[in-house]
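What the coordinates show
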Amino acid sequence: MTMRVLFVCLGNICRSPTAEGMLRHLLLATPELQVEVDSAGTADYHVGDPPDARSQRAALRRGIDLSGLRARQVTPGDFTRFDLILAMDCDNLARLEAMRPSGSRARLRLFLEYAAEDLGRREVPDPYYCDASGFETVLDLTAAASRGLISALQEAA
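My aim in this report is to walk through the structure given alongside it, one point at a time. Here the structure is a predicted model, which is why all the values come from computation and not from measurement. (Residues numbered from 1 in each chain as written. Predicted model: local features only at pLDDT ≥ 70, side-chain atom pairs only at ≥ 80, totals over all residues. Heavy atoms only, no water.)

Observations regarding the overall build of the protein chain
Scanning the protein chain from terminus to terminus reveals 5 helices and 4 strands. Listed by position from the N terminus, the elements making up the protein chain come as β-α-β-α-α-β-α-β-α. For the protein chain, whose C-alpha radius of gyration is 14 Å, the value lies close to the compact-globule estimate of 15 Å for 157 residues. In the protein chain, buried positions account for 50% of the 157 residues. Nonlocal contacts in the protein chain, meaning residues at least 24 apart in sequence, comprise 70% of its contacts between residues at least 6 apart. Counting every atom, the protein chain has about 7,600 Å² of accessible surface; 50% of that belongs to carbon and sulfur. (Helix = DSSP H or I, 4+ residues; strand = E, 2+ residues; numbered from the N terminus. Rg over C-alpha atoms; globule rule 2.2 N^0.38 Å. Buried < 20%, exposed > 50% of the residue type's maximum accessible area, 1.4 Å probe, protein only. Contact = heavy atoms within 4.5 Å. Areas by Shrake-Rupley, 256 points an atom, 1.4 Å probe, with all protein chains shown as cover.)

Below, the structure is given as structure tokens:
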């Protein structure tokens, strides 16, 4: 059975596409898991745009190519299509909960809840107004949470 995971941040150009790329990258080592991965934003600021160039550069240094991704906004259909919708922060989790159609099957959670180690935070910080180190932090956090998510999916399989 295929598990469908959607990562969500505000504009879908920094955090959520980085999480999508990181999970796809780490899943290459576990081909037995059938996981469909996507990302979206709660806002429509950047629909159709590629990920922020700084996100792309930081990810590429770790062997993750985000260049083919394009921003999109969360739709009501996402709450039916995806099994798990993972927000990067509490604000976006609240937005998702507010837009969630009644009877939807998707589980909504904060992405960092999957990190096995204590990261000292619950949210992936938005690096948009930061220097390059902010994008490295996003990669570190999404790697830790992606590893935990993969472990959880393996246990559930």
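A closer look at the sheet that holds strand E1 (residues 3-9)
Spatially, the 4 strands line up as an open sheet ordered E2-E1-E3-E4, and their pairing is parallel. This sheet does not close on itself; its edge strands, each paired only once, are strand E2 (35-41) and strand E4 (107-110). Geometrically, the sheet is characterised by an average inter-axis angle of 25° between neighbouring strands, direction not taken into account. Looking at chain direction, E1 and E2 are connected through 7 bridges and run parallel. Its bridge partner lying in E2, Leu-6 is registered against Asp-38. Here helix H4 (residues 90-99) sits on the sheet in contact with E1, strand E3 (84-87) and E4, set at roughly 165° to E4. Most of the contacts of helix H5 (residues 132-156) go to E1, to which it runs at about 155°, and overall it touches E1, E2 and E3. (Pairing = 2+ DSSP bridges. Axes fitted to C-alpha atoms, helices over the stretch in contact; angles between N-to-C directions.)

Side note on the pairing of E4
Remark: a regular strand shows side chains that alternate across the two faces of the sheet. Burial along E4 is one-sided: Leu-108 and Leu-110 are buried, while Arg-107 and Arg-109, pointing the other way, are not. Two strands pair when backbone bridges link them, and E3 and E4 are joined in this way by 4 bridges, in the parallel orientation. Its bridge partner lying in E4, Ala-87 is registered against Leu-110. Between the parallel elements E3 and E4, the chain passes through H4 in a crossover that is right-handed. (Right-handed = clockwise from strand over helix to strand, strands pointing away.)

A closer look at the packing of aromatic side chains
Applying the stated rule across the entire model yields 2 aromatic pairs. Geometrically, the ring pair formed by Phe-7 and Phe-111 is edge-to-face, given 4.7 Å between the ring centres and 65° between the ring planes. Of the two residues, Phe-7 is situated in strand E1 and Phe-111 in the loop between E4 and H5; the sequence distance between them amounts to 104 residues. A centroid spacing of 4.9 Å and a plane angle of 85° characterise the contact between Tyr-128 and Tyr-129, whose relative ring orientation is edge-to-face. The side chain of Arg-54 reaches across the aromatic face of Tyr-128, ending 5.5 Å from its centre. (Phe/Tyr/Trp six-rings, centres within 6.5 Å; stacked < 30°, edge-to-face > 60°. Lys NZ or Arg CZ within 6 Å of the ring centre and 35° of its normal.)

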